[in-house]
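# Descriptive analysis of the structure
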Amino acid sequence: ECESAPLLRAPPARATAAHGATGRRLGAILSGALGVFGVACAMMASRGVGDARARLGEVSGGQLSQLADVPCLAACEAGPTREAVARLANGTGTCETVNSVSASDCFAKCDCFGKVDFNERRKVLCATNVGEDATHATMDDELWTTKINAKLKAECSSDYQATGERTDEEIQGHEVVGNELDTTQASTNSTNSTSRLGAKLFPRGYSDVERAMMASAAALGEQDVWRGHVVNGRHTFLAPLPNAHERAPDRAPITFKLYTQCKTREVKVAGGEFWFSAPKAAYIVRHNFESDKFFTKKNRIKMHRKELSDGLYGYEVTTSHVDFEYGFELENAAGNSYKDIGASTTLRRESCVQRYGEFFNRVVTLNRGQSTIGAVFGDCDSVCPEDYVDEAYCRQPFTGEPGTSEADPVDLGLVDDARLINMASALLYSTSETVMNPSGRAETFRQDAGSKSEQKWIIAASDYYRAYIKMVQITIRRDPASGRASAWISGKRRYTLRSGAGYEYGTSNVGQISGTGCGRQYCNTARYDIPSFYEQGVETTAFTASLTRMEYTKLSLGDAPPTGHNVLFEPNFLTSPQMILAPGAWGEDMDVRRLILKNGVMCGRSIHSSNCMFGKAFALKDTVSGYSGPSKTRKDWLFIVVEHVFFKMIRVAITLGDDDAVNAEVIAAGYVSHIRVATDLQTSDSMAYDGSAKWNVRSSQYIASNFAADGYGLGGFKFDLAAEMSASLRAVDCGA
């Protein structure tokens, strides 16, 4: 069922006035103030009776009402003709009423389009025996529009040519939904010339409402149909209008909650590179009833970032200033905006929006009586689905060893963009200790900005031969046809560290296998411009190392890539709490689980002969005595290096300060005995073990505050900061 005629008329007419610019879809019936929804509902309200009468040679007043929509009849002066037009409009007219209108002086002043459209419909609707043509005219379907198009072109030739319109046959390949001007003619035609046309100019272009009504809707692509709403158990194509008590600003306030984490695949793809920059703000954009302000930036309402449930952040605002059409708009850190309503919205087939021509907007009155309205951005869900799986920061399975050409890669699976693969570490190794000593986890560095199809990374390490930075280049390439990414080793180079080369550098020969190499903190690869070193490096048969067990995550479109951070603690190591992110400098989600510690540099008298080594970061599990697991105010991590016959470990607490700064503190150190087997690479890989289990059986070690102190110290670490809090970051590890 549909709402009553007075409710049908106002919204489409106002929408046409605001949105009806040349080139935009205006609805199925170009001449009608009702637009597609008014005609559809007027027809549907009497369809059962009308169809039955058609079979008996009769016609209903509801079917005749469309004759009142010829624009020129609106200019009839007060008198019998105007009264007759009014009877047709309200569904009480008869064929005698129609004939009286066509014989009037007012009708004689109509243009050619209006006369032809009116008379052709009158002929079939008021025929002696009403037949199939009446049904086609009422539905304004393909057969009818083909017929009326031919009449318009033949009998109104000069007027027709003046519009610049062309039929489907004349515009080959022009896909049409509903009525629209050919975009190539948009600049030369006006909305007025379009609205004068009495029938569809594109006979093969059905509106979504027509598709839903026609028996062949499935064959025409029912998945593209907008089906209207169900209000109070009744189907309707128009949302209710606000009553006097629901008008802004005197209405009862509504709390709007917007969820942005559980974006659908369609929303992620539609937003594209908008999501590559972190979301910064959210707004309600609105068009209140009878207002002339349509979704303007000046008229929008800012929402506030808020934790809606544990680890699930969104936006919220309570306001009494929204009473009819609305939607949500996000802004990212780059200053770009993205609305979830309008012409190209992902909501265009959904029942939570109202369609006006090509525009699809949320409507408050569809949630009548609700003091809280929840919404998922770009979707009709009111909250994130319980079965939604967020894998934004889930570590993927370790890879095998990639080949040295594109013909022999490792498969990284499906990915939207090569840049969304984030390398965390890899096991850099060689069977010869003269090439790599020791084999172990190594740092990763993004080599360049990359592209959707390709991204290069460099895995770099400083081993016991401390004169060099040893580097392996990985190329990741995405196949646009399959969407799968693959990776292979595309280069191996060695760079000789030296003084006076434009970077801070210090040397030492303590513990050096031969000659003089980097000393102390200067053995930390994370402090250098590794992409530059790779460009300056040389290929040599002395460096033939390979890599395997690459650690990486895959984001998808809609997940803003994290920002990388590298903090150094020099010349004194991290011991007591130090601020690593200042208040107000790390976004709106005050949750330390957004920090994903990757790797650290472990130093001290008991590390690599008073030098530094790479240490892999592990999130501490709640299986450790006295630790209840991560929360938004604290998360503990371990840094582990496998050296000689030990697992050497440092425990760090990341905490949220009272001032909303993020602090880091080393709270303990320890070691366990370990046997490395040269023929078993996993024994050189800390990630082959449960770090928390190792910590549970540790022997205690001193926390070193500098290179002269006994024990283990932390000279720095790298971490990623997620653009926003994500469900996958709530646990110790993704899915744990």
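Going by the structure above, here's the rest.
All of the points below concern the structure found in this document. (Residues numbered from 1 in each chain as written. Predicted model: local features only at pLDDT ≥ 70, side-chain atom pairs only at ≥ 80, totals over all residues. Heavy atoms only, no water.)

### Some thoughts on the overall build of the protein chain
Helix and strand content of the protein chain: 17 helices and 30 strands. The buried share among the 736 residues of the protein chain stands at 56%. When contacts within the protein chain are restricted to residue pairs at least 6 apart in sequence, long-range pairs at least 24 apart make up 70% of them. A total accessible area of about 30,400 Å² is found for the protein chain, and carbon and sulfur atoms account for 48% of it. (Helix = DSSP H or I, 4+ residues; strand = E, 2+ residues; numbered from the N terminus. Buried < 20%, exposed > 50% of the residue type's maximum accessible area, 1.4 Å probe, protein only. Contact = heavy atoms within 4.5 Å. Areas by Shrake-Rupley, 256 points an atom, 1.4 Å probe, with all protein chains shown as cover.)

### A word on the pairing of strand S25 (residues 612–619)
A large share of S25 lies buried, amounting to eight of its eight residues. Across the two faces of S25 the burial is the same, with Cys 612, Phe 614, Lys 616 and Phe 618 and Met 613, Gly 615, Ala 617 and Ala 619 all buried. Where strand S24 (residues 595–603) meets S25, five bridges bridge the pair, whose relative direction is antiparallel. Residue Gly 600 lies in a different strand from S25, and its bridge partner there is Gly 615. In terms of strand pairing, S25 meets strand S26 (residues 634–643) through four bridges, oriented antiparallel. Bridging across to S26, Ala 619 finds its partner in Trp 637. (Pairing = 2+ DSSP bridges.)

### Description of empty space enclosed by the protein
Tallied over the entire structure, the rule returns seven cavities of 30 Å³ or more. Considering only enclosed or pocket space, the largest cavity measures out at about 340 Å³ in volume. At the level of secondary structure, the elements contributing two or more residues to the lining of the largest cavity comprise strand S15 (440–446), strand S16 (454–461), S24, S25 and S26. Looking at the lining of the largest cavity element by element, the count peaks at five residues for S25. Its residues assigned to classes, the lining of the largest cavity comprises 15 nonpolar, nine polar and four charged. There is about 120 Å³ of room inside the second largest cavity. Lining the second largest cavity are 13 residues; nearest its centre among them are Ala 392, Gly 558, Asp 559, Glu 724 and Ser 726. Counted by class, the lining of the second largest cavity contains six nonpolar, three polar and four charged residues. (1 Å grid on protein atoms, 1.4 Å probe; cavity = no way out; pocket = protein on both sides within 12 Å on 5 of 7 lines; lining within 4 Å. Points joined across faces, edges and corners; volume = space filled by probe spheres on them. Nonpolar A, V, L, I, M, F, W, Y, C, P; charged D, E, K, R; others polar.)

### Notes on the packing of helix H6 (residues 95–102) against helix H8 (residues 112–125)
H8 packs onto H6 with a crossing angle of 150° between their chain directions and a minimal axis gap of 11 Å. The angle between the axes of H6 and H8 places the two elements in the roughly antiparallel class. Crossing hand, H6 versus H8: left-handed. Residues Cys 95, Val 98, Asn 99, Val 101 and Ser 102 of H6 form the contact with H8, whose participating residues are Phe 118, Asn 119, Arg 122 and Leu 125. Classifying every residue of the contact of H6 with H8 by side-chain character gives five nonpolar, three polar and one charged. (Axes fitted to C-alpha atoms, helices over the stretch in contact; angles between N-to-C directions. Parallel < 35°, antiparallel > 145°, perpendicular 65-115°, else oblique. Left-handed = near helix turned anticlockwise from the far one by under 90°.)

### Overview of the state of the cysteines
In total, this model carries eight disulfides according to the counting rule given. Cys 603 shares a disulfide with Cys 612; S-S distance 2.1 Å. Sign of the S-S torsion, about 110° for the bond between Cys 603 and Cys 612, identifies this disulfide as right-handed. Neither residue differs from the other here; Cys 603 and Cys 612 are each classed as buried. (Disulfide = S-S within 2.5 Å.)

### Some details on the side chain of Gln 261
Mapped onto the elements, Gln 261 comes out in the loop between strand S3 (254–259) and helix H15 (265–271). For Gln 261, a relative accessible area of 8% translates into the label buried. Of note is the side chain of Gln 261, whose polar atom sits 2.5 Å from the backbone oxygen of Met 725. Reaching out from Gln 261, the side chain makes a polar contact with the backbone nitrogen of Ala 727 at a distance of 3.3 Å. Contact partners of Gln 261, with chain neighbours within four places excluded, come to Gly 311, Leu 312, Tyr 313, Tyr 388, Met 725, Ser 726 and Ala 727. (Polar contact = N/O pair within 3.5 Å; in protein donor to acceptor, adjacent residues only side chain to side chain.)

### A closer look at the packing of aromatic side chains
Taken as a whole and judged by the stated rule, the model has 23 aromatic pairs. Judged by centre distance (5.7 Å) and plane angle (70°), the rings of Trp 275 and Tyr 338 are edge-to-face. Within this pair, whereas Trp 275 is found in the loop between H15 and strand S4 (279–287), its partner Tyr 338 is found in strand S9 (residues 337–339), the two being separated by 63 residues in sequence. A residue is classified by how much of its surface remains accessible, and Trp 275, at 3% relative accessible area, is buried. Here the aromatic rings of Phe 646 and Tyr 671 are separated by 5.6 Å at their centres, their planes lie at 90°, and the arrangement is edge-to-face. One end of the pair, Phe 646, is in strand S27 (residues 646–656); the other, Tyr 671, is in strand S28 (residues 662–673), with 25 residues separating them in the sequence. With a relative accessible area of 28%, Phe 646 lands in the partly exposed category. Members of the aromatic cluster, each reached through a chain of ring pairs, are Tyr 495, Tyr 503, Tyr 505, Tyr 522, Tyr 528 and Phe 533. The ring of Trp 275 is capped by Lys 263, whose NZ or CZ atom sits 4.7 Å from the centre of that ring. (Phe/Tyr/Trp six-rings, centres within 6.5 Å; stacked < 30°, edge-to-face > 60°. Lys NZ or Arg CZ within 6 Å of the ring centre and 35° of its normal.)

### Observations concerning the nonpolar core
By size, the foremost hydrophobic cluster in this structure holds 34 residues, and its most contacted members are Leu 412, Ile 421, Leu 428, Ile 474, Ile 476, Leu 547 and Met 550. Of all elements in the fold, only strand S13 (410–414), strand S14 (421–429), S16, strand S17 (468–478), strand S18 (484–496) and strand S21 (546–554) reach the threshold of two or more residues within this core. Among the elements that line this core, the one with the most residues is S14, at four residues. For Ile 474, the contacting residues outside a window of four places in its chain are Pro 402, Gln 455, Lys 456, Trp 457, Ile 459, Ala 487, Trp 488, Ile 489, Ser 490, Leu 547 and Met 550. Core analysis: the next-biggest nonpolar cluster, separate from the first, contains 32 residues, Met 613, Val 641, Ala 669 and Leu 714 among them. (Core = buried A, V, L, I, M, F, W, Y, C linked by side-chain atoms within 4.5 Å.)

### Considerations on the layout of surface pockets
Gaps left between atoms show up when a probe the size of a water molecule is rolled over them. Estimates place the volume of the largest pocket at around 640 Å³. Lining the largest pocket are 31 residues, and of these Arg 395, Glu 551, Trp 637, Val 732 and Asp 733 sit closest to its centre. Elements represented by at least two residues in the lining of the largest pocket include exactly S14, S21, S24, S25, S26 and helix H17 (691–696).

### Re the pairing of S28
As paired elements, strand S23 (residues 578–581) and S28 share three bridges and run antiparallel to each other. Across the sheet, residue Met 579 finds its bridge partner in S28, namely Asn 663. With 11 bridges joining them, S27 and S28 adopt antiparallel strand pairing. If you follow Ile 654 over to S28, its bridge partner there is Ala 664. Where S27 folds back on S28, the antiparallel hairpin that results is connected by five residues, among which Asp 660 adopts a positive phi of roughly 70°. The pairing of S28 with strand S29 (residues 699–700) spans two bridges and is classified as antiparallel. Across the sheet, Tyr 671 pairs through a bridge with Ser 699, a residue of S29.

### Section: the sheet that holds S15
Strand order in the open sheet formed by seven strands is S13-S18-S17-S16-S15-S14-S21, with antiparallel pairing between adjacent strands. Looking along the sheet, the strands with just one partner apiece sit at the ends: S13 and S21. The mean inter-strand angle of the sheet, taken between neighbouring strand axes irrespective of direction, is 30°. Two elements, S17 and S18, share 11 bridges in a ladder whose sense is antiparallel. Opposite Ile 474, over in S18, you have Ile 489 as the bridge partner.

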